[in-house]
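Here is how the chains run, residue by residue.
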Amino acid sequence: MKKNIKIISPCDEKCPVRASLTLLSGKWTLLILFQINENVVRYGELKRAIPGISEKMLIQELNMLVENKFVSKKAYPEIPPKVEYTLTELGLKTLPIVDTLASFGLENLM
């Protein structure tokens, strides 16, 4: 009887897992996506919802997520400044990944 052998391709620069991890493996990235979810969220709400993240890190991560088209940013010309963040179509595609991680954590780590 033959065994089904799964051929594992190398994780080089063309590897989809590596490419995804490059964009999503930041310490705070998935937490930010999880917090924004399907909502419209302001900067201060995100800061309060993610304990331990510094302002510098939150700004860097949000800028990276906007640059990579996971998050859209809408700034209003007001004083004090009002900025809202929402997930883009691409960002919404990450929610099943985040949900799976949350389920795994609830089932195995809590």
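As shown above, the structure is provided for reference.
What comes next concerns the included structure. (Residues numbered from 1 in each chain as written. Predicted model: local features only at pLDDT ≥ 70, side-chain atom pairs only at ≥ 80, totals over all residues. Heavy atoms only, no water.)

### Brief notes about the overall build of the protein chain
Broken down by element type, the protein chain carries six helices and three strands. Ordered by position from the N terminus, the helices and strands of the protein chain form the series α-α-β-α-α-β-β-α-α. Against the 2.2 N^0.38 benchmark of 13 Å for 110 residues, the protein chain shows a C-alpha radius of gyration of 17 Å, more extended than a compact globule. When the backbone C-alpha atoms are referred to their principal axes, the protein chain occupies close to 75 × 35 × 25 Å. Residue pairs at least 24 apart in sequence account for 47% of intrachain contacts in the protein chain once pairs closer than 6 positions are excluded. Carbon and sulfur atoms make up 59% of the accessible area of the protein chain, which amounts to about 8,500 Å² in all. Charge-centre separation for the protein chain: the mean point of 15 positive side chains lies 5 Å from the mean point of 12 negative side chains. (Helix = DSSP H or I, 4+ residues; strand = E, 2+ residues; numbered from the N terminus. Rg over C-alpha atoms; globule rule 2.2 N^0.38 Å. Contact = heavy atoms within 4.5 Å. Areas by Shrake-Rupley, 256 points an atom, 1.4 Å probe, with all protein chains shown as cover. Lys, Arg positive; Asp, Glu negative; His and termini not counted. Charge placed at Lys NZ, Arg CZ, Asp CG, Glu CD.)

### So, the environment of Arg48
Its location among the elements puts Arg48 in helix 3 (residues 43–49). Judged by its relative accessible area of 64%, Arg48 falls in the exposed class. Arg48 sits 32 residues away from Pro80 along the chain, and the two C-alpha atoms are 18 Å apart. (Buried < 20%, exposed > 50% of the residue type's maximum accessible area, 1.4 Å probe, protein only.)

### With respect to the nonpolar core
Membership of the largest hydrophobic core comes to 18 residues, with the highest contact counts inside it found for Ile32, Leu33, Ile36, Leu46, Leu62, Val71 and Tyr85. Listing elements by their share of this core, those giving two or more residues are helix 2 (29–36), helix 4 (55–67) and strand 3 (82–87). Leaving out residues up to four positions away in the same chain, Leu62 has contacts with Ile32, Ile36, Tyr43, Leu46 and Tyr85. (Core = buried A, V, L, I, M, F, W, Y, C linked by side-chain atoms within 4.5 Å.)

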